[in-house]
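Examining the three-dimensional arrangement
What follows is each chain in one-letter form.
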Protein chains: 6
Amino acid sequence: MERNIETFLGCDKTFEEARIVIFGAPFDSTTSYRPGTRFASRTMRAESYGLETYSPYQDLDLEDAAVFDGGDLELCFGDVDRALGAITDFTAKILEKGRLPLMIGGEHLVTLGSVRAVASKYPDLHVIHFDAHADLRDDYLGARLSHATVLRRVWDLVGDGRIYQFGIRSGERAEFAWGEQHVVTRRFDFEGLEQVTERLKGKPVYFTLDLDVLDPACFPGTGTPEAGGVTFLQLLDAMMKVGELDIVGCDINELSPQLDASGASTAVALKVLRELLLKLDERYIR
Amino acid sequence: MERNIETFLGCDKTFEEARIVIFGAPFDSTTSYRPGTRFASRTMRAESYGLETYSPYQDLDLEDAAVFDGGDLELCFGDVDRALGAITDFTAKILEKGRLPLMIGGEHLVTLGSVRAVASKYPDLHVIHFDAHADLRDDYLGARLSHATVLRRVWDLVGDGRIYQFGIRSGERAEFAWGEQHVVTRRFDFEGLEQVTERLKGKPVYFTLDLDVLDPACFPGTGTPEAGGVTFLQLLDAMMKVGELDIVGCDINELSPQLDASGASTAVALKVLRELLLKLDERYIR
Amino acid sequence: MERNIETFLGCDKTFEEARIVIFGAPFDSTTSYRPGTRFASRTMRAESYGLETYSPYQDLDLEDAAVFDGGDLELCFGDVDRALGAITDFTAKILEKGRLPLMIGGEHLVTLGSVRAVASKYPDLHVIHFDAHADLRDDYLGARLSHATVLRRVWDLVGDGRIYQFGIRSGERAEFAWGEQHVVTRRFDFEGLEQVTERLKGKPVYFTLDLDVLDPACFPGTGTPEAGGVTFLQLLDAMMKVGELDIVGCDINELSPQLDASGASTAVALKVLRELLLKLDERYIR
Amino acid sequence: MERNIETFLGCDKTFEEARIVIFGAPFDSTTSYRPGTRFASRTMRAESYGLETYSPYQDLDLEDAAVFDGGDLELCFGDVDRALGAITDFTAKILEKGRLPLMIGGEHLVTLGSVRAVASKYPDLHVIHFDAHADLRDDYLGARLSHATVLRRVWDLVGDGRIYQFGIRSGERAEFAWGEQHVVTRRFDFEGLEQVTERLKGKPVYFTLDLDVLDPACFPGTGTPEAGGVTFLQLLDAMMKVGELDIVGCDINELSPQLDASGASTAVALKVLRELLLKLDERYIR
Amino acid sequence: MERNIETFLGCDKTFEEARIVIFGAPFDSTTSYRPGTRFASRTMRAESYGLETYSPYQDLDLEDAAVFDGGDLELCFGDVDRALGAITDFTAKILEKGRLPLMIGGEHLVTLGSVRAVASKYPDLHVIHFDAHADLRDDYLGARLSHATVLRRVWDLVGDGRIYQFGIRSGERAEFAWGEQHVVTRRFDFEGLEQVTERLKGKPVYFTLDLDVLDPACFPGTGTPEAGGVTFLQLLDAMMKVGELDIVGCDINELSPQLDASGASTAVALKVLRELLLKLDERYIR
Amino acid sequence: MERNIETFLGCDKTFEEARIVIFGAPFDSTTSYRPGTRFASRTMRAESYGLETYSPYQDLDLEDAAVFDGGDLELCFGDVDRALGAITDFTAKILEKGRLPLMIGGEHLVTLGSVRAVASKYPDLHVIHFDAHADLRDDYLGARLSHATVLRRVWDLVGDGRIYQFGIRSGERAEFAWGEQHVVTRRFDFEGLEQVTERLKGKPVYFTLDLDVLDPACFPGTGTPEAGGVTFLQLLDAMMKVGELDIVGCDINELSPQLDASGASTAVALKVLRELLLKLDERYIR
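For the structure given in this document, a descriptive report is provided here. Note that the coordinates shown come from a computational prediction; the quantities given were computed from them, not determined experimentally. (Residues numbered from 1 in each chain as written. Chains lettered and ligands numbered in written order. Predicted model: local features only at pLDDT ≥ 70, side-chain atom pairs only at ≥ 80, totals over all residues. Heavy atoms only, no water.)

This next bit is on the overall build of chain A. Scanning chain A from N- to C-terminus turns up eight helices and ten strands. For chain A, the C-alpha radius of gyration of 17 Å lies close to 19 Å, the compact-globule estimate for 286 residues. Taking the principal axes of its C-alpha atoms as reference, chain A extends roughly 60 × 40 × 35 Å. Evaluated residue by residue, chain A yields a buried proportion of 71% over its 286 residues. Long-range pairs, those at least 24 residues apart, make up 78% of the contacts in chain A between residues at least 6 apart in sequence. Entry remark: accessible area of chain A is about 8700 Å², with carbon and sulfur atoms responsible for 45%. Across chain A, the 31 positively charged side chains and the 47 negatively charged ones have centroids separated by 4 Å. (Helix = DSSP H or I, 4+ residues; strand = E, 2+ residues; numbered from the N terminus. Rg over C-alpha atoms; globule rule 2.2 N^0.38 Å. Buried < 20%, exposed > 50% of the residue type's maximum accessible area, 1.4 Å probe, protein only. Contact = heavy atoms within 4.5 Å. Areas by Shrake-Rupley, 256 points an atom, 1.4 Å probe, with all protein chains shown as cover. Lys, Arg positive; Asp, Glu negative; His and termini not counted. Charge placed at Lys NZ, Arg CZ, Asp CG, Glu CD.)

Next comes the structure, spelled out in structure tokens:
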């Protein structure tokens, strides 16, 4: 008899066979408001058997995709540096073997751990950021490493003109002002995405998707819901465009299962994950 | 003093006075993922006193409609054949007396019980199917009688070219392929409904409405929510079109009250039921 | 050391400095269906620290606004007259000092307490009413003071042609008929709002906002959700139009936190409150 | 076909056949803290099919008992006097026909409505009161009719030395002091109950049972849980003693289904009801 | 990289090394009241990382125990015979290799699948049954295979005088009467357990533990909670006695995670499992 | 008009008048399993209006007690050292002015912040620790500052023979072994407490109360519930004994409101707080 193996639905390739490696980063220690995203990857894995592997939108099937599920990292709560270090190390290991890392957060700060590894391999890295929140503060309640500062810390790595933000509809006045100078901000929705993807063709791109870019109507299960977001179909369309680029790293974050009594937000997150995996798998050549 | 009588709001006609007979089919034994639709009819009946009897959309009132509430069937859990048999018998009894049966599920498999009776009376039966899922598998985990095979079993009864599907956005590749050959599938939304209703004028039609055709944003309280669905107003509009046909049997299913902490999905289901009853009552001549 | 002070985020001006005074009216005794709006003001205050003070929509910040938080009234449950009296007294006190009262309900009946004070100061008062329900019954289960009769009682004060209703999609046939004669009803959405605001320029206006005007998709956390409502962005746009008028009193009501397991409805209510406060503060000259 | 009849499990006798009449009093308008007991009778009726009719404790079966379920009263929210009046009228009607009334609350204030009718028939009435709270205030937040004053209002009817309280462990200092003078208070548990039942043999007794006399460990589903209460088996034993007396009216109240996510408190309430009905039915001779 | 392996905490031995094999039987199709036990094994596995491997009660550690986690069976919903067959086959396979099977239900009917395999190997089998419910009906709503008939079906296999029941406090009159003739019933608690274990020394014993034997105070998370049960410490003590016998098969069932909002019932179930595993592992010689 | 002031019920003295200062430490960043204790102090303050100020157990009233509510500290999530530093500073400030600090956690690690200040003032400090968990690890997942190491870090400050533990029933083998050498451990319940309080008479004592010492039956609302704990009345009795000592600092922690759907655990925590405050206030002479 074999031991009990649990993977995201259809992601049952071996590491050797895989093009994409997904893994969970269950961490939410800096979440100041309502924690719980630490449970996202575990819940998504468990609930994934309620999802079909086939996408009628793309006419592709996860059973044909080359995805390895690396499980969840064991991250130290209460020591942010250690936690980010572990994420960077794991991401680097995946990149080293020529696989595409797709991380499931956790709070948005985990993105920094992953980007550190990816930016180290791809110095010319650009970042596409879907989110309701700008996350551009320099510090938050005194901490420089926080979910609310993560894109600012990413900017420390990639610099001016490399970050493209969509769906942003919340932040403090100062970070909106700072953003005007340093990042390519597009407020509220996906207007202008087409021009951006046109411009980034051929360049290495990191794609970070905070699921609260969705309107709380279709995604209430997140710690800081922001009314006025996009619909699932708008997000699907935008992801298909981003997926045409040379994605060299990506993550999906901020599902908070405890706030998702009906399970509908988890189902949305899984469908987003499936569509993204299928799109990336189709294009990725290691 | 009289015994405690509980009916859907406004559905207080006697069987003799009624044109339409509603009844509950509390059954969800084959639900593989998250059960709970067994509680739908009971919860809808109890919560219906929070609903108005008057529809400002149609300017009609349930108090003027001729609807009898037949209560809930007592169905045997763990014996699918017995349960379906009981549904068929009850539906046949209603048809025999010239009333229109409207069943409240339960999981979608209950539709088979009802269609068996209706198809037996109307050999030329056509089926209009609103759903997020194709439900066209030939078997599911080895079982031929399952919520995931129900339209396939209906096809066994009515044959090619009789089933019209709308809103479908989930299934396995094989059933989408099979559907292309045997049913009139319209993916994702209600595009093309008008032509279909045009074509079906004068023919006996069974209308089966899986409420998860709605987007989880407006209907999260269901076992297998599928993002990318229609809005309430789109569904209302589509129902008004279907209601112009000669409906000879119908059902509404897949509300799962345990997944509806806010009660908003139950309220949606009740409003859908009210509008459908008013539309059918207005047209039905036994 | 100072005592623990708790205010809506950013509403930390003194009464002397303030232009607007917000206060809670935690009362829901006449709610016939599902009570719980009594918890709205307390929950909104507690959860407000999860909200940004800055609005990217209006480019204004609550920290610059002149808002005083007067806390919650202590209202007697089970004695409607006493409760309404206390609201009227408190509102009158605010008006007397030349501040604009903004009340957080509570069930919709609390509006009557506030309007009594405002109408007494402004005999030429007009009322703009956003809601899913007409609330125009003359009595409800025998009670003349009820959430379902509140606009009828307001009509007793202001008379024919002074009430403008938007978003209304539920009620009994009789009150829709009565409304046709006595109020300016616009069913279902915000169609015609522009003409109304044009007409009301320069006149004193009371604005009462029942949050269930929103579709349950974006606002499930309310006692009587009604499918077919407006989106947050539609409401935001409509509020900006209303905010151009000479608002002399207003309220927001019917959030029911117990029905808001995810917290998304509370977040919506807070965002609506922030946008309304910023708009009113900008224009208000005492 | 017959209309849908819903009764407490096994309580399917006609009024003519019955010795005991149960009915619901869904009212909680004066509840100052967390409302919701209005849903108790409805929920208990709906959930009762999960209960066995047979009691292994008493070796008696509800199917042999003579109980009629009179359904729920329709009570006016927001008008306490009307609501209590309706309860008194209904109780009087039951007494007139020689049946024993057993009311399901509702908040504890409903007891006053019932006691008014019973005390009018039995001038020599004594009252046994199981509760966590003394409920002896003269007024509460200005209201004389309140869940927190109900036993004081009952004392207005029956006078000194007629009220026996058990399980009481919460109240203000003043009402404990008042109680020392006017009622026979036994704090915290059932100590001394045996002497009381001995003393009351042959006298007409009203038994009012606030379920929060139970420890929150076994009964969390109530608005104002008070640690340090009795266990189910202690309550069962105490009820058997009280049931030996000449009970001429009784009620069970304060279950709040919305606070009972697991359903365990509803199950406890139903078991308490079954045991009480069986005990009373066995002894009652009209 | 290795695939994601998920086991009950500390149960990470290989099948070869193991003395005990645990596995899940996620099945609840015949549950007539509130389903959900299908999620028990999955939830227990996921939540087990919140548990210590060390028992201060027995001074033993799961890390030293020889337990293999065989994962969850994939059982067909809606076909009881197939599901039970799969359980019997899997249990037989474990017995064949000389390991002790410990099954995690699921509803109680799954016990029948396991006992069939065990009784086939040990014709002289005795059964110790801890439960709130007798489960001795011959049929339930027409079905002979049901959670409410499971011990009757076990009796079909082992016959008179072989079944010992403890904690039983619910059932219909007829099954209590039948039980008096055919099984060794001990009502309500563990009185007499010591004599039973004395008598069964040296005989092969199957131990089936329905967790609702616990009082709902400490175990609310189950479909049919029955007040008046035992405490955790009483159960622990009783298990230690049973664990002294020659246990040749066992199961734990009826945790329903959806009814366990606080997680406390899952934590109890895990602690019961840990203590039972440690006790059995210490004694088991294959 | 005055700003909105919110304090624990009856704790409305000024700092000058007070003998005891209560304050919240909303911090749970190192919680590895289920976070949420950050919400405890806020929720307890908000819910406290459902509590009586009078204790019938001690015949004392909070309105007569001299307690100042210092509100909640604003602690930096994701930086443990900063957070603990802020707690130590605030506690020191209270001690300096001769008031008794009573902190409301938060996770148990907050105790370290408080003890640092108290031990600095009272070098001869002894610690009484009520808890389900030993919390004596030297590090946890690599972190030395963690809820699971807090008593070990306290031992670093006070040394051998100064820590007295009661109720402990969970931990790893190693920490139980370490505890045998360095602390005065009493497993499982309050046995031996009387001798301990006898021995500690006249010595300065810090009292730290992890509410999960209670059985999950009466206190399910905590992150790591451990079956087999004490009852409320046992805890009350033990607190009265401890309260006879010279308490120079204390805290109550580990309530997790999100896990307390019924509110019963919050009610228990408030009652524990009330009884402790009354006991300490009665004895404390600054």
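Read on, since the account is not over.
On to the interface of chain D and chain F. Counting residues at the interface gives 23 residues for chain D, matched by 22 residues for chain F. For the pair chain D and chain F, the summed buried surface comes to about 1800 Å²; carbon and sulfur atoms form 55% of the total. In this assembly, chain D and chain F are joined by four salt bridges. Here Glu-52 of chain F and Arg-137 of chain D are joined by a salt bridge, their closest N and O atoms 3.0 Å apart. Counting every contact that joins chain D to chain F gives seven residue pairs in polar contact (both at pLDDT 80 or more). (Buried area = accessible area lost by both parts, 1.4 Å probe. Salt bridge = Lys/Arg side-chain N within 4 Å of Asp/Glu carboxyl O. Polar contact = N/O pair within 3.5 Å; in protein donor to acceptor, adjacent residues only side chain to side chain.)

What follows deals with the sheet that holds strand β6 (residues 126-130) of chain E. All names here are of chain E. Within the open sheet, the eight strands sit side by side as β4-β1-β5-β10-β9-β6-β7-β8. Their pairing is parallel. Single-partner strands in this sheet number two, and they are β4 (67-72) and β8 (184-187). On average, adjacent strands in this sheet sit at an angle of 15° to one another, irrespective of strand direction. Pairing analysis gives six bridges linking strand β1 (residues 20-25) to strand β5 (residues 100-105), with the strands arranged parallel. Bridged to Ile-22 within β5 is Leu-102. In the packing of helix α8 (residues 264-283) onto the sheet, the strands contacted are β1, β4, β5, β9 (204-210) and β10 (246-253), and the crossing angle to β10 comes to about 170°. (Pairing = 2+ DSSP bridges. Axes fitted to C-alpha atoms, helices over the stretch in contact; angles between N-to-C directions.)

Quick look at the relation of the copies chain D and chain F now. At an RMSD of 0.0 Å, chain D and chain F line up after a rotation of 120° and a shift of 0.0 Å along the axis. Such a turn and shift between the copies fits a three-fold axis. Taking C-alpha positions as the reference, the residue of chain D nearest the rotation axis is Ala-217 of chain D, at 2.8 Å. (Least-squares fit on C-alpha atoms with pLDDT ≥ 70 in both.)

Here we come to the relation of the copies chain F and chain A. Mapping chain F onto chain A is achieved by rotating through 180° and translating by 0.1 Å along the same axis, at an RMSD of 0.0 Å. The superposition operator between the copies reduces to a two-fold rotation axis. Measuring from the rotation axis to each C-alpha of chain F, the shortest distance belongs to Ser-29 of chain F, at 2.4 Å. The residues that chain F uses at the interface reappear at the interface of chain A in 95% of cases, marking a shared surface.

Topologically, Gly-249 of chain A is positioned in strand β10 (residues 246-253). Once you skip the residues sitting within four places of it in the chain, Gly-249 of chain A turns out to touch Leu-100, Pro-101, Val-118, Val-205, Tyr-206 and Phe-207 of chain A.

A word on the sheet that holds strand β7 (residues 163-168) of chain F. All names here are of chain F. Reading across the sheet, the eight strands line up as β4-β1-β5-β10-β9-β6-β7-β8 and stay open at both edges, with parallel pairing between neighbours. Each end of this open sheet is capped by a strand with a single partner; those strands are β4 (67-72) and β8 (184-187). Strand-to-strand, the axes of this sheet are offset by a mean angle of 15°, without reference to chain direction. The pairing of strand β9 (residues 204-210) with strand β10 (residues 246-253) spans seven bridges and is parallel. Residue pairing across strands places Val-205 opposite Ile-247, the latter belonging to β10.

Residue-level contacts link 20 residues of chain F with 19 residues of chain A. Contact between chain F and chain A buries roughly 1700 Å² in total, counting both sides, with carbon and sulfur atoms accounting for 55%. For the pair chain F and chain A, the number of links is zero salt bridges. When its residues are assigned to classes, the side of chain F that touches chain A shows nine nonpolar, seven polar and four charged. (Nonpolar A, V, L, I, M, F, W, Y, C, P; charged D, E, K, R; others polar.)

Interpretation in functional terms is not warranted from these geometric data alone.
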